Amino acid sequence: MKIDLYERVWMWGVGVMLALFFGSLANASIRHGFHPPSHVETIDPKKVFQNPLFSRQGVTVDAGGAVHVSVVGMMFAWLPGEMVLPAETPVTFHMTTVDVIHGFQIVRTNGQSMVIPGYVSQFTTSFKPGDYLIACNEYCGVGHHTMASKLKVVPKGSWQQPGALTSTAGVADAAR
Ligand SMILES: [Cu+2]
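Throughout, a residue's number is its position along its own chain's written sequence, starting from 1. With the structure being a predicted model, the display of local features is reserved for residues of pLDDT at least 70 and the display and counting of side-chain atom pairs for 80 or more, all residues being used for whole-chain, interface and lining totals. Values shown for side chains rest on all heavy atoms present in the structure; no hydrogens or waters enter the calculation.

Ordered by their spatial adjacency, 5 strands build an open sheet running β5-β11-β10-β7-β8, and the pairing between neighbours is mixed. Of all the strands in the sheet, the pair left with one neighbour each is β5 (82-86) and β8 (112-115). Sheet twist, expressed as the mean angle between neighbouring strand axes with direction ignored, is 20°. Pairing of strand β10 (residues 130-136) with strand β11 (residues 148-154), which is carried by 6 bridges, proceeds in the antiparallel orientation. Counterpart to G130 in the pairing with β11 is V153. By the convention used here, strands pair only if DSSP detects at least 2 bridges between them. Secondary structure counts use DSSP, requiring at least four H or I residues in a row for a helix and at least two E residues in a row for a strand, with both numbered from the N terminus. The axes used here are C-alpha line fits, helices contributing only the stretch in contact, and every angle between their N-to-C directions lies in the interval 0 to 180 degrees.

This part covers unusual backbone geometry. Along the chain, M75 connects to F76 via a cis peptide bond; the corresponding omega equals 0°. Note that F76 resides in the loop between β3 (67-74) and β4 (77-79). Notably, E88 is not glycine yet its phi reads approximately 50°, a positive angle. For E88, the position within the fold is in the loop between β5 and β6 (91-97).

Here the coordinating atoms are restricted to nitrogen, oxygen and sulfur within 2.8 Å of the metal centre, or 3.2 Å for Na, K and Ca, and because water is not among them the sites may look incomplete. Only H102 (ND1), C136 (SG) and C140 (SG) from the protein reach the copper ion as donors, at distances of 2.1 to 2.6 Å. Within one chain, the residues serving as donors to the copper ion are arranged as H-x33-C-x3-C. Relative accessibility thresholds used throughout: buried, under 20% of the residue-type maximum; exposed, over 50%; partly exposed, between the two (1.4 Å probe, protein chains only). Residue classification places C140 among the buried positions, given a relative accessible area of 10%.

Next up on the list: the packing of aromatic side chains. Geometry of aromatic contacts follows a simple scheme: Phe, Tyr and Trp rings, the Trp one being its six-membered ring, pair when their centres are within 6.5 Å, and the pair is stacked under 30 degrees between planes, edge-to-face over 60, tilted otherwise. Taken as a whole and assessed by the stated rule, the structure comprises 6 aromatic pairs. Taken together, a centroid distance of 5.1 Å and an interplanar angle of 25° make the contact between F93 and F123 stacked. One end of the pair, F93, is in strand β6; the other, F123, is in strand β9 (residues 119-125), and 30 residues separate them in sequence. In terms of burial, F93 and F123 fall into one category: buried. Aromatic pair F93 and F127: ring centres 6.1 Å apart, planes at 85°, arrangement edge-to-face. Taken as a pair, F93 in strand β6 and F127 in the loop between β9 and β10 lie far apart in primary sequence, 34 residues in all. The two residues F93 and F127 agree in class, both being buried. Grouping aromatic residues by their ring pairs yields a cluster made of W78, F93, F104, F123, F127 and Y132.

As structure tokens, then:
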């Protein structure tokens, strides 16, 4: 079968591009552990603060030593307003919202996820030491631009595992 030169150039071009696209996708998911920031876990948005995962927001360490962060989004704040995490340690974020859709974004990192009422979003990532801004990147109302939290990442050795008194901001802080 005779295929025109230009046709062949296009075919090879498309083939190479597809290989690049799928290759980079496979590289991101297999080597770097990227995955879609959700895992089909539902929650009643009216009962978020009764849920054991979100009744206390902030940093916790589970029985296996893994670091978790519970975050609640609301118009117009992220709870907790501040958190401290260890560097170079995988941290799993669990996020939900009590009202509208928000966008949880840890600026200058790969940590970001849509936060949708009725669902728990989740991703795992790790950080270099430094101060980071957590912003809302999904317009959610008149106070959208004030919706920010602080993340401080300290060297692993100087990080203190949160104790009972310091672990979370708690629901009471939401009212402040
Ligand atoms: Cu928002």
